[in-house]
Amino acid sequence: MGPLITEKVALIPEGSSIGQTLVWATALLKSGGVDTPRLDAECLLASLLRSNRLHLYAAIEERLPPAVFETYRTLVSRRQARVPLAYLTGTKEFWSLSFRVTPAVLVPRPETEVLVETAVARLKRLTAPVIVDVGTGSGAIAVALAKMLPSARIYATEISREALDVARENAGVYGVTGQIAFLQGDLLEPVFARGLIGQCDLIVSNPPYVATTDLAVLPPEAHYEPLEALDGGPDGLRCHQQIITVASALLRPGGWLALEMAPEQESLLIRLLRDRGGFPDVEVVPDLGGRKRMIMACSAEPGFKPCRGSSPEQDSVGMNGV
Ligand code: GLN
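Parameters at a glance
Residues numbered from 1 in each chain as written. Predicted model: local features only at pLDDT ≥ 70, side-chain atom pairs only at ≥ 80, totals over all residues. Heavy atoms only, no water. Helix = DSSP H or I, 4+ residues; strand = E, 2+ residues; numbered from the N terminus. Expected span 1.5 Å × (residues − 1). Contact = heavy atoms within 4.5 Å. Core = buried A, V, L, I, M, F, W, Y, C linked by side-chain atoms within 4.5 Å. Buried < 20%, exposed > 50% of the residue type's maximum accessible area, 1.4 Å probe, protein only. Axes fitted to C-alpha atoms, helices over the stretch in contact; angles between N-to-C directions. Parallel < 35°, antiparallel > 145°, perpendicular 65-115°, else oblique. Left-handed = near helix turned anticlockwise from the far one by under 90°. Nonpolar A, V, L, I, M, F, W, Y, C, P; charged D, E, K, R; others polar. Phe/Tyr/Trp six-rings, centres within 6.5 Å; stacked < 30°, edge-to-face > 60°. Lys NZ or Arg CZ within 6 Å of the ring centre and 35° of its normal. Near = heavy atom within 4 Å. Polar contact = N/O pair within 3.5 Å; in protein donor to acceptor, adjacent residues only side chain to side chain. Areas by Shrake-Rupley, 256 points an atom, 1.4 Å probe, with all protein chains shown as cover. 1 Å grid on protein atoms, 1.4 Å probe; cavity = no way out; pocket = protein on both sides within 12 Å on 5 of 7 lines; lining within 4 Å. Sits in = over half its atoms within 2 Å of the grid points.

(A) Looking closely at helix H5 (residues 66-80). Its 15 residues give H5 an end-to-end C-alpha distance of 21 Å, which sits within 8% of 21 Å, the value for a rise of 1.5 Å per residue. On its buried side, H5 packs onto helix H2 (18-31), helix H3 (37-48) and helix H6 (85-89). Backbone geometry just after H5 places Arg82 at a positive phi near 75°.

This is the structure:
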């Protein structure tokens, strides 16, 4: 923050109009390196006023009450420090649904919608498909799938109790609590504990996939997100590997495993799926920006015993998981 901006912060008079306040906030956010400073300034104010951005423009000459102004000032300075916008407003849109988010969960990203879209296309002809969402976080994938596939039965696992509470709340908001069983535990462990061997039509996950050494170069916002939702170990694929190794035991023949990935992880994941998971054929699906984002594999045989021949170290060399 430069001295000029500091001065402006001090000088913005209480009782300024909404228009003046937005100009001030935009300058401050810009000085913090925020990509979309005006948009964020408007979203923060609209959220604080429980209104929308259009209404701000209709009321642009109006003055903010002093208490509102003070709260807004605090929000703006936190956003300037690069706290994710979604944590400040408490919501994030995903699949055209509004999800509650807290710092206990990863902020849902638009690229993850590819998982939902592809899963829906694959499962929509099945009656009562059984789905597992591994590491559900805010519940974005599980809730979106429940809305799209009303006959589906979904098991959403999550190691963090706090995150699971957020996911449950989101399911409640969208009336799909009856469709989703929320299970606390590591990756697929709680699903094995339920005895769902050979019964799943889809195992879907957006596991952590950033290589530990790349965490430092993530945008500043990511440093406010739960580390366990981002840190995928030395090659970024620690969780993928664990899921892939056991997935076929849970899938019914013809069932699908669908994992989000970083585009650079494609070839290593193809190898892991083939050598450790027993999935010879895979399909890679790009996101809207054309980046390879999702890897899918179909289970051919029931109860396949994965090959444990290759060491994890061998599989992991040289990956960049950002
Ligand atoms: N796409 C996220 C990021 O790079 C990573 C999400 C994840 O690790 N699952 O910010």
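Now that the structure is up, let's keep going.
(B) Main features of the nonpolar core. Membership of the largest hydrophobic core comes to 34 residues, with the highest contact counts inside it found for Ile131, Leu145, Ile154, Ile180, Leu202 and Val204. It is helix H8 (residues 140-148) that provides the largest number of residues to this core, a total of seven residues. Not counting the four nearest positions on each side in its chain, Leu202 is found in contact with Ala119, Leu123, Val130, Ile131, Val132, Leu145, Leu251, Trp256 and Ala258. Formed by 29 residues, the second largest nonpolar core is a distinct cluster that contains Leu183, Leu196, Ile203 and Leu259.

(C) Representation of the packing of H3 against H5. Contact pair H3 / H5: the axes reach a minimum separation of 10 Å and the direction vectors enclose 140°. As summarised for this structure, H3 and H5 are arranged oblique, according to the angle between their axes. Considering how the two elements wind past one another, H3 and H5 form a crossing that is right-handed. Along the contact surface, H3 presents Asp40, Ala41, Leu44, Leu45 and Leu48, while H5 presents Val68, Thr71, Tyr72, Leu75, Val76 and Arg79. The residue makeup of the contact of H3 with H5, split by class, is eight nonpolar, one polar and two charged.

(D) Local environment of the packing of aromatic side chains. Enumeration according to the criterion identifies four aromatic pairs in this entry. With centroids separated by 6.1 Å and ring planes inclined at 75°, the aromatic side chains of Phe94 and Phe99 adopt a geometry described as edge-to-face. Summarising the burial analysis for this pair, Phe94 and Phe99 share the class buried. Note that Arg122 overlies the ring of Trp256, its terminal NZ or CZ placed 4.4 Å from the centroid.

(E) Structural view of the site of the ligand. Neighbouring residues of the ligand: Arg109, Glu111, Asn206, Pro207, Pro208, Tyr209, Val210, Ala229 and Leu230. Residue Arg109 places a side-chain N or O atom 3.0 Å away from an oxygen atom belonging to the ligand. A distance of 2.8 Å separates a nitrogen atom of the ligand from a polar atom in the side chain of Asn206. Across the complex, the protein chains shield 91% of the 300 Å² of accessible surface that the ligand would expose by itself. A molecule is said to occupy a pocket when more than half its atoms come within 2 Å of that pocket's grid points, and by this definition the ligand occupies the largest pocket. Considered class by class, the residues forming the shell around the ligand number six nonpolar, one polar and two charged.

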